Structure formats: C-alpha cells, structure tokens
Amino acid sequence: SAWLTTTATRAENLGIGDPAPKLEVKSFVKGEPVKALEPGKFYVVEFWATWCGPCKATIPHLTELQKKHADVAFIGVSVFEDDQDKVEPFVKEMADKMDYRVALDSVPDKAERDEGAMAKNWMKAADQNGIPTAFIINKDNKIAWIGHPARMDEPLEKIVAGSWDLKAAVEDQKKAAEAQANAQKYQEKLADATKTEDPDKVLAAIDEIVKEAPGMAANLDGLKFGALLRKGDDDKVVELGRTLLDGEVGKNADALNSIAWSIVDPDAKHKPSVKLLAFALEVAERADELTKGKNPYVADTLAKAYFDSGKHAKALEVQKRALENAKGTDLEDDDGMKERLEQYEKAVKDGN
C-alpha cells in the first residue's frame, strides 16, 4: 500500500507545469461540447457556481476574453452546486453576457456536491479552495497558469503568444506554496504561545517569526503591542506605539481606538502608568479628530483616557457626547458606558 499512498499524495499536488487532468463533465449546457482536451490547442477551464457572487461578477470579463482570444476554448465548469438543475436556466438568463462554453461537473449519484470528478481532480488536487478559479492549458496540454479569472489577461496573452516563461511560473508557484506553508507553521507557533498567556513566550515567538520572515513584522505589531502592554514594559509599548502612529495605523481611527482602549480598558489586568496614559490620550484624541467627534466608541475611549489622567470635567463632557452619538447604534444600551458616565458625574460633583 506504500505505492498507493505515494500516488495519492502526488495526485493531490497538481500544479503549474503538470499535464492537465482529464476533462470529465456530465454535459454541456452551452456551446459546442469538448470531448477531451487536445494537445495543440489552448483551453481555459474556469470553475464557478450559480450561488457564488464573485463568480457572477467575473462572467462578463470571461466573455470579453473569449471574444478577444477566439483560438482559445473557454469552458466554464459549474462545481459545488446544491442543485445542478439551476445551471441551465441561469446560463439562459445570462444570455450573451455569458458567451462561452458552459458544462456541469460530473457528480456521482447521491454524492456530496464537492465529490464531482472536476472538483476533485482539478480544484482539490491543485489545493484550490475558492471559486472562481481558472486554469490555463497550453498547447502541450500542460497547466500554464492557475488563479482568479480577473488576473488572467496578461498570462493568457503571453501563453497564446508563446512568450510565457513556464519555468519561472513553476518556480513562483513553488515559492508561494512555501510561503503559505511557513505562514501556517508560524500561525501554529503563535497560537501555542498565545494560549499560554505568557507575554514573554508571545514576544519570543514573534521575534523568531520576524527573523525568518521579515515581511511578517507589520502583521504582528498589534499582537506585539498587547504582549508588551501585559508585560508592563511601558517604554517599549510607547516606542512601538509611536512607530505604528507614523504608519498606516496613524490614519485609521478604529486601529487608533483599539490601541488607546487596550491601555485604559477597565477590565485590563495592568494599571497604566502616567507615561502610558499620556500616550493613550494622544492616540484617542487623534482618533476623535479623524472621526470628527461623531464616533461613540472613540469618544467613550477618549473620555476614559481623560478620566484616568485626572481630567474629570473633560471626561464627563466627552462621555455625554459619546452617549448622544450612541443613539440608534448597538452601543445605545451599553451598561459600561452608562456606568462610566455616573462615575464621571460623581467625581465632578465631589470635586475630585
């Protein structure tokens, strides 16, 4: 059975440069039927479904490409359908907008919708989980490209013209697969570290990942910020926070609000220092400016930052605005916001 397992694994790793699998469709509901993919001809085999919004959006584009490349046989194979009877009426309704061959996947009786021959031997074998996905088959009957039909124009042009570098495409796919495998490995490593709730372990995992894949650094900054905060390393928290403010995060009110709230959150285990509070206040003020004072979440955070900084009258004024702006949103009946308002009112009344 060792032989069986090796062939099974090989079959699952269908990729660019490999011979095209067999065309196994139940029937054609539009266009001249294609019995088999023949060497010497170009094909685009595109996978879609009647229930898939992004698939519908790319249908007119595929029609344009078919008109442009009359020497390429476009075959839209409907896969993962709950009811294959819906395909023909859908295609009829699309009329000239869907002007290329359309076929149904060959799904065995009583089988699940993803057990069709095309779904298994093309999509699953190539580890493609989402539709629409297109495969371009070159004159040697090999897969020359796999991807979203919206990004197919340039590769198709080159494949038909004979100027496509298949070796480079194979290499690119290999690199992309490695990057994906690494990303998965990193995610597992991070998940394990995060489960421990030990900030040192999280920071060590982040450092290890960034060393191996520097490009991942920006994606991990939020996690790093939280870990430094839990660790109580205020200087590093502010230093990283400043770096974030100088980048895209500094223009994003929601991201700024998350940073400020993570410092002043009443449920957080840490007690923020004067330095951290000053930073949280600066960040919350910037978020409030960006949202022109209209966002109740941001105002609630800003009020808390004022309150924790000892500016009670200012906190009360902003909290009232937060509740005013919360009307008609899911924050309208938020108990936390109302409790904070009472807390600020009491502090002002007591002259604290």
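Residues numbered from 1 in each chain as written. Predicted model: local features only at pLDDT ≥ 70, side-chain atom pairs only at ≥ 80, totals over all residues. Heavy atoms only, no water.

**Topic: the pattern of salt bridges**
- Applying the stated criterion to the full structure yields 20 salt bridges.
- Residue Lys-41 pairs with Glu-38 through a salt bridge whose shortest N-O separation is 3.6 Å.
- The partner of Lys-124 in a salt bridge is Asp-114, with the nearest N and O atoms 3.4 Å apart. With a gap of ten residues between them, Lys-124 in helix α4 (residues 117-124) and Asp-114 in the loop between β4 (101-105) and α4 connect regions that are remote in the sequence.
- For Asp-114, a relative accessible area of 28% puts it in the partly exposed group. (Salt bridge = Lys/Arg side-chain N within 4 Å of Asp/Glu carboxyl O. Helix = DSSP H or I, 4+ residues; strand = E, 2+ residues; numbered from the N terminus. Buried < 20%, exposed > 50% of the residue type's maximum accessible area, 1.4 Å probe, protein only.)

**Notes on helix α9 (residues 234-246)**
- Between its first and last C-alpha atoms α9 spans 18 Å; for 13 residues at 1.5 Å apiece the expected length is 18 Å, and the two agree.
- The complete set of buried residues in α9 reads Asp-234, Val-237, Val-238, Leu-240, Gly-241, Leu-244 and Leu-245. Along the axis of α9, the buried positions cluster into a sector of 165 degrees, meaning they face one direction only. Pointing more than 90 degrees away from the buried face of α9 are the exposed residues Glu-239, Thr-243 and Asp-246.
- Against the buried residues of α9 lie α8 (217-231), α10 (253-264) and α11 (274-290). (Expected span 1.5 Å × (residues − 1). Arc of directions from axis to C-beta. Contact = heavy atoms within 4.5 Å.)

**Observations concerning the environment of Val-274**
- Locating Val-274 in the fold gives a position in helix α11.
- The spacing of Val-274 and Ser-309 is 35 residues in sequence and 7.6 Å in space, taken between C-alpha atoms.

**So, unusual backbone geometry**
- Cis geometry marks the peptide bond from Ile-131 to Pro-132, where omega comes out at 0 degrees.
- Of note, Pro-132 is situated in the loop between α4 and β5 (133-137).
- Located in the positive-phi region is Lys-292, a residue other than glycine, with phi close to 50 degrees.
- Of note, Lys-292 is situated in the loop between α11 and α12 (296-308).
- Judged by its relative accessible area of 69%, Lys-292 falls in the exposed class.

**Some details on the pairing of β5**
- Within β5, five of the five residues are buried, which leaves the element mostly enclosed by the surrounding structure.
- Of the pairings in the sheet, the one linking β5 to strand β6 (residues 143-147) comprises four bridges and is antiparallel in character. Bridging from a neighbouring strand, Ile-136 pairs with Trp-145 of β6.
- In sequence, β5 turns back onto β6 through a hairpin of five residues, with Asn-141 there showing a positive phi of about 65 degrees. (Pairing = 2+ DSSP bridges.)

**Some details on the confidence of the model for the protein chain**
- Looking at the protein chain, the pLDDT average stands at 91 and 96% of residues meet or exceed 70.
- A low-confidence stretch, residues 1-12 (pLDDT under 50), is modelled with four contacts involving residues beyond four sequence positions or located in other chains. (pLDDT = per-residue confidence, 0-100.)

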